[in-house]
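Report on the structure
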Amino acid sequence: MLQNVFVPADLGEAAARLAAGPTVALLAGGTLLMPVVNTEATPIRALVSTRKLPIRDIAVEEGRVRLGAGTTLAEVGRDGRLGFLRPTIESIASPPIRNLATVGGNLFAPQPYGDLAVALLALDASVEIAVDGGSRPASVADVLDHGVAAGEIVTAVGFDLPAAGTWFYTKAMRRKLNSASIVTVAARIATDGAVVTEARIALGGAGPRPVRARAAEAALLGKPLAAESVAAAAERAGDDADPFSDAYASAWYRGRVLPVYLRRTILGA
Ligand SMILES: Cc1cc2nc3c(=O)[nH]c(=O)nc-3n(C[C@H](O)[C@H](O)[C@H](O)COP(=O)(O)OP(=O)(O)OC[C@H]3O[C@@H](n4cnc5c(N)ncnc54)[C@H](O)[C@@H]3O)c2cc1C
């Protein structure tokens, strides 16, 4: 049963509290963690809140974005400098959840959640992690694949603002609002005017974690960003996917719609 909630103002104290072991958990917005605590599904005795930690800010400087891990999704969605992320944020849950849910927490959301994490993977985001009074860098891909060590706290993510016209995002849902993902597609695709010179495509709903659609990316490189080549690349979406069944969709259905949504995301039709 829960006995203590600590609200430290510095990372060192938070880390020291977390070092007490697996019965102490880091609490951010609590949208995922609190149901676990309340149902006593795991024996959590104490929570360490991120609320007062200095990890809740947004900085945009010379085309580089730094989002504090404690920033809420609502705060990201309201920031005019991050307009390209608004469709991603607005595809996540509902306003009350977005007022609590944080950027850091979204990295640990199991699929079919973690839509911002899918976008961050396509953005090739870097992650800052507080460890032993210092900090270590990691790639978002590494954090999504391997998590962080016990007691480590994600403090920020960073990425380059995508140039105009290079960012694409779609989330297929059972309802238009407030629904988990059937499949989510985020992509950053650059061209030199004639052909694709850079393609990073990330998929949600395509496995236990967000994944890169590497075969589709390779199929697009050097090709025009046009209907025929995008359709051919989209057919390769399944190569990197391992879709699952849940209450929202069957694995079969996810596998069928993945190429369709990848094509629509990029072509807009
Ligand atoms: C009704 C509902 C609908 C939802 N719909 C969606 C949806 O459509 N799309 C979507 O993406 N998500 C959805 N979610 C999932 C969730 O709201 C988000 O993923 C949210 O971003 C989680 O953040 P949080 O701050 O609430 O995390 P918490 O619940 O506080 O924490 C979740 C986990 O992450 C760990 N954690 C949190 N912050 C850090 C940090 N800084 N460093 C290290 N570990 C950390 C916690 O210890 C915990 O294990 C939904 C949730 C609910 C309840």
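Above this text sits the structure in question.
What comes next is a walk through the structure. Computed from a prediction, not measured in an experiment: that's the story for all the values here.

Thresholds, definitions, all that
- Residues numbered from 1 in each chain as written.
- Predicted model: local features only at pLDDT ≥ 70, side-chain atom pairs only at ≥ 80, totals over all residues.
- Heavy atoms only, no water.
- Near = heavy atom within 4 Å.
- Polar contact = N/O pair within 3.5 Å; in protein donor to acceptor, adjacent residues only side chain to side chain.
- Areas by Shrake-Rupley, 256 points an atom, 1.4 Å probe, with all protein chains shown as cover.
- Phe/Tyr/Trp six-rings, centres within 6.5 Å; stacked < 30°, edge-to-face > 60°.
- Helix = DSSP H or I, 4+ residues; strand = E, 2+ residues; numbered from the N terminus.
- Lys NZ or Arg CZ within 6 Å of the ring centre and 35° of its normal.
- Axes fitted to C-alpha atoms, helices over the stretch in contact; angles between N-to-C directions.
- Left-handed = near helix turned anticlockwise from the far one by under 90°.
- Contact = heavy atoms within 4.5 Å.
- Nonpolar A, V, L, I, M, F, W, Y, C, P; charged D, E, K, R; others polar.
- Buried < 20%, exposed > 50% of the residue type's maximum accessible area, 1.4 Å probe, protein only.
- Pairing = 2+ DSSP bridges.
- Arc of directions from axis to C-beta.
- Salt bridge = Lys/Arg side-chain N within 4 Å of Asp/Glu carboxyl O.

The environment of the ligand is made up of 27 residues, and the closest members are Leu-26, Gly-29, Thr-31, Leu-33 and Thr-102. Here an oxygen atom of the ligand sits 2.5 Å away from a polar atom, N or O, in the side chain of Thr-31. Take Asp-115: an N or O atom from its side chain is 2.7 Å from a nitrogen atom of the ligand. When the ligand sits alone it has 970 Å² of accessible area, and the protein chains cover 86% of it.

For the rest of this paragraph, the subject is the packing of aromatic side chains. One pass over the structure, following the stated rule, counts two aromatic pairs. A centroid spacing of 6.2 Å and a plane angle of 80 degrees characterise the contact between Phe-84 and Phe-159, whose relative ring orientation is edge-to-face. One end of the pair, Phe-84, is in the loop between α3 (73-78) and α4 (86-90); the other, Phe-159, is in strand β8 (residues 153-160), with 75 residues separating them in the sequence. When the ring of Phe-84 is compared with that of Trp-167, the centres are 5.4 Å apart and the planes differ by 90 degrees; the resulting orientation is edge-to-face. Remark: Trp-167 occurs in strand β9 (residues 167-173) and Phe-84 occurs in the loop between α3 and α4; sequence separation between them is 83 residues. Chaining the aromatic ring pairs together yields one cluster made of Phe-84, Phe-159 and Trp-167. The ring of Tyr-261 carries Arg-264 above its face, with NZ or CZ at 5.3 Å from the centroid.

Axis separation between helix α10 (residues 227-234) and helix α11 (residues 251-267) bottoms out at 8 Å; the angle between their running directions is 145 degrees. Crossing hand, α10 versus α11: right-handed. Across from Ala-227, Val-230, Ala-231 and Ala-234 in α10, the residues of α11 making contact are Pro-259, Leu-262, Arg-263, Ile-266 and Leu-267. Of the residues assigned to the contact of α10 with α11, the class counts are eight nonpolar, no polar and one charged.

Turning our attention to the pairing of strand β3 (residues 46-49). Of the two faces of β3, the one lined by Ala-46 and Val-48 and the one lined by Leu-47 and Ser-49 are each fully buried. Sheet topology places strand β2 (residues 24-27) next to β3; four bridges connect them, and they run parallel. From the neighbouring strand, Leu-26 faces β3, where its bridge partner is Val-48.

All of the buried residues in α10 are Ser-229, Val-230, Ala-233 and Ala-234. All buried residues of α10 project into a common sector of 135 degrees when viewed along the axis, lining one side. Of the exposed residues in α10, those oriented more than 90 degrees away from the buried face are Ala-227 and Glu-228. Against the buried residues of α10 lie α9 (214-220) and α11.

For the rest of this paragraph, the subject is the environment of Ala-232. As for its position among the elements, Ala-232 is in helix α10. Judged by its relative accessible area of 45%, Ala-232 is partly exposed.

Enumeration according to the criterion identifies 14 salt bridges in this entry. Between Arg-64 and Asp-160 there is a salt bridge whose closest N-O contact spans 3.0 Å. Taken together, the residues span a long stretch of sequence, with Arg-64 in strand β5 (residues 64-68) and Asp-160 in strand β8 at a distance of 96 residues. A relative accessible area of 39% places Asp-160 in the partly exposed class. Residue Arg-81 pairs with Asp-79 through a salt bridge whose shortest N-O separation is 2.8 Å. The class of Asp-79 is buried, set by a relative accessible area of 13%.

This next bit is on the sheet that holds strand β6 (residues 126-131). The antiparallel open sheet is built from five strands, whose spatial order is β4-β5-β8-β6-β7. Taken across any chain shown, the strands that pair with only one partner, and hence form the sheet edges, are β4 (58-61) and β7 (134-139). Adjacent strand axes in the sheet meet at a mean angle of 20 degrees when their direction is disregarded. Both β4 and β5 contribute to a ladder of four bridges, which runs antiparallel. Following the sheet pairing, Ile-58 is matched in β5 by Leu-67. Running over the sheet, helix α1 (residues 11-18) touches β6 and β8 and is turned about 125 degrees from β8.

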